[in-house]
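What follows is the residue order along each chain.
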Amino acid sequence: MKKILFTFVLLFGFHFTGFNQDLLSMLDSIQSTDKETFYTDGTFKSVRLINGYTSETAAKNELIFSISHRFGDVNQGIYDFFGLDQSTIRFGFEYGLNDRIDLGIGRSNYEKLYDGFIKVKLTRQSTGKKSFPVTITWLEGMSYKSIDYVNNDVDYPTTARFYYIHELFISRKFTDKLSLQLSPVIIHRNMVETREDQNTVGAIGVGGRYRITNRFTAVGEYYYLLPGNTADNYNNSLALGVEIETGGHVFQIHVTNSTGMTEKAFIPETNGEWLKGDIGIGFNIIRLFSLNK
Amino acid sequence: MKKILILFVLIILSIKYASSQDLYIVSNGDVHFTSDAPLELIEAESNKLNGILKVSDRSFVFRVPMKTFEGFNSALQQTHFNENYLESAKYPHTIFEGKIIEEIDFNTPGTHNVRGKGSFTCHGVKQQRIIRCRVSVGQNKITVKTDFSVLLEDHNIKIPSVVSQKIAEEITVDVNLELVPK
């Protein structure tokens, strides 16, 4: 009896003193990471992919200044210095009202266009407690063409100068290096050049980036025009480039067959054909200012 | 004889009870760091530090998920912190795991200056460190306060020369912890 009790006591004691679990794995079991929601950030380096935008928005009180430049077509040869003699520019500002809504304005010498837009992050890609696979950003934009008409005698209404853009950016950061984006877009034009032209044009954009090093990224963007008159007469926009990031700057250099730098211009009005060499060199310089302090 | 044995069993059981007080977990963990460079002061903090202290052998493990750091001077800076410098997707946590060198009586309230010795893992690089801290034992509560510095070079965190004037090579870290029995 005594012996039995004694072993019992020993076993009991042993059980509690000899129980030495690894503290780190114990920590995992007590406080699992599922209690936190981690929002994926840095899907793209900036608010702009190449010609189009990305699902990223300016953070609260951040001002993003971008200068975009497109040179002429390289197939113009030495007379035009491979397109460098001509240039189309756009400069724009984007400001974050909060971390999910931003406002933007821009001016381009292409048709003397003014543009303005609002971008709203509807969902954010996240892991952990609340997990969601994609970031969806909604853009509503408007452009105003201020260039004089060739024929000044005709009195067109002011509304004929307006263009409307409705676009969704659906993006996912698949790995630390690879992010892809799908962007369906509808562009409405109050006035078009001919009776046959579509007033409303739909397109689907695909784009992505691949991080080669921490600060050097390859980017690509393609907008596919949905079948119709516009798709028959114009070309799909394709742009390929690289991005270099230094602190608050993002410098993008690329080649594209589009001249315009706003949705209204590069999606339904791209004339250049890649195979014929109607491609131009372009760059975007994006500078970020934090107005928090 | 039997009585003695029963008493013995009771003693063992009371040890069992005591051993349930053996583990303390972090109920409130704040980490704050400062990078004081010639051209820019960067500060960020996380209150998501968690950890366990085992009183019987004075062993501990503390860790903080790098993505929970907030503050910084801009959202972009936070993105750069996670993407370019700490590579938080690859190395999600900074972990300090080891033992307290000094013997402390965790049963009576009091304040002790002690040293924690162990491995400090940040950005996937493990360093043996001895970190001084102040441990206050209270009623059902232990608080720990410490500050130490981390050299970026020690943890293979590379700063490009363009921003070398904006990021300090030595980062000061402040930690405030509150632990309660599990």
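These numbers come from a predicted model, not from an experiment.

Calculation rules
Residues numbered from 1 in each chain as written. Chains lettered and ligands numbered in written order. Predicted model: local features only at pLDDT ≥ 70, side-chain atom pairs only at ≥ 80, totals over all residues. Heavy atoms only, no water. Buried < 20%, exposed > 50% of the residue type's maximum accessible area, 1.4 Å probe, protein only. Helix = DSSP H or I, 4+ residues; strand = E, 2+ residues; numbered from the N terminus. Pairing = 2+ DSSP bridges. Axes fitted to C-alpha atoms, helices over the stretch in contact; angles between N-to-C directions. Contact = heavy atoms within 4.5 Å. Disulfide = S-S within 2.5 Å. pLDDT = per-residue confidence, 0-100. Core = buried A, V, L, I, M, F, W, Y, C linked by side-chain atoms within 4.5 Å.

Let's shift gears to the pairing of strand β9 (residues 178-189) of chain A. All names here are of chain A. Going residue by residue along β9, you find S179, Q181, S183, V185, I187 and R189 tucked away on one face and L178, L180, L182, P184, I186 and H188 left uncovered on the opposite face. Between strand β8 (residues 162-173) and β9, which pair antiparallel in sequence order, lie 4 residues. In this structure, β9 lies alongside strand β10 (residues 200-213), joined through 11 bridges in antiparallel fashion. In the strand pairing of β10, I187 is matched with V201.

Attention shifts here to the pairing of strand β1 (residues 23-36) of chain B. Residues and elements named next belong to chain B. The element β1 is largely enclosed, with a buried count of 10 among its 14 residues. One ladder, built from 3 bridges, connects β1 with strand β3 (residues 50-54); its direction is antiparallel. Directly across from L23, in β3, lies its bridge partner K54. With 6 bridges connecting them, β1 and strand β2 (residues 41-46) associate as antiparallel partners. Note that in β2 the partner of D36 across the bridge is L41.

Further remarks concern the sheet that holds β9(A). Read around the closed barrel, the 12 strands follow the order β2-β3-β4-β5-β7-β8-β9-β10-β11-β12-β13-β14 (chain A); overall the barrel is antiparallel. Taking the axes of each pair of neighbouring strands and ignoring which way they run, one obtains an average angle of 20° across the sheet. In terms of strand pairing, strand β7 (residues 135-145) of chain A meets β8(A) through 10 bridges, oriented antiparallel. In the strand pairing of β8(A), T137(A) is matched with F169(A). Packing of helix α2 (residues 75-85) of chain B onto the sheet brings it into contact with β2 (62-73), β8, β10, β12 (237-246) and β14 (280-290) of chain A, and relative to β10(A) it is tilted by some 55°.

For the coordinates displayed, the defined rule picks out 0 disulfides over all chains. Note on C122(B): no disulfide assigned, nearest cysteine sulfur contributed by C133(B) at a separation of 18 Å.

The subject of this paragraph is the confidence of the model for chain A. Of all residues in chain A, 91% attain a pLDDT of 70 or more, and the chain-wide mean is 88. Contacts for the low-pLDDT stretch residues 14-20 of chain A, under 50 throughout, to residues beyond four places or in other chains number 6 contacts.

Residues and elements named next belong to chain B. Counting buried positions along α2 gives 10 out of 11 residues, so the element sits mostly inside the fold. If you check which residues of α2 are buried, you get L76, Q77, Q78, T79, H80, F81, N82, E83, N84 and Y85. Directly beyond the C-terminal end of α2, a positive phi value near 45° is found at E87.

Residue and element names in this part refer to chain B. Ranked by size, the top nonpolar core spans 42 residues in total, and within it F69 and L179 carry the most contacts. Considering each element in turn, this core owes the most residues, 5 residues, to strand β10 (residues 170-181). Once you skip the residues sitting within four places of it in the chain, F69 turns out to touch V31, F33, A44, E45, S46, V64, Q78 and F81.

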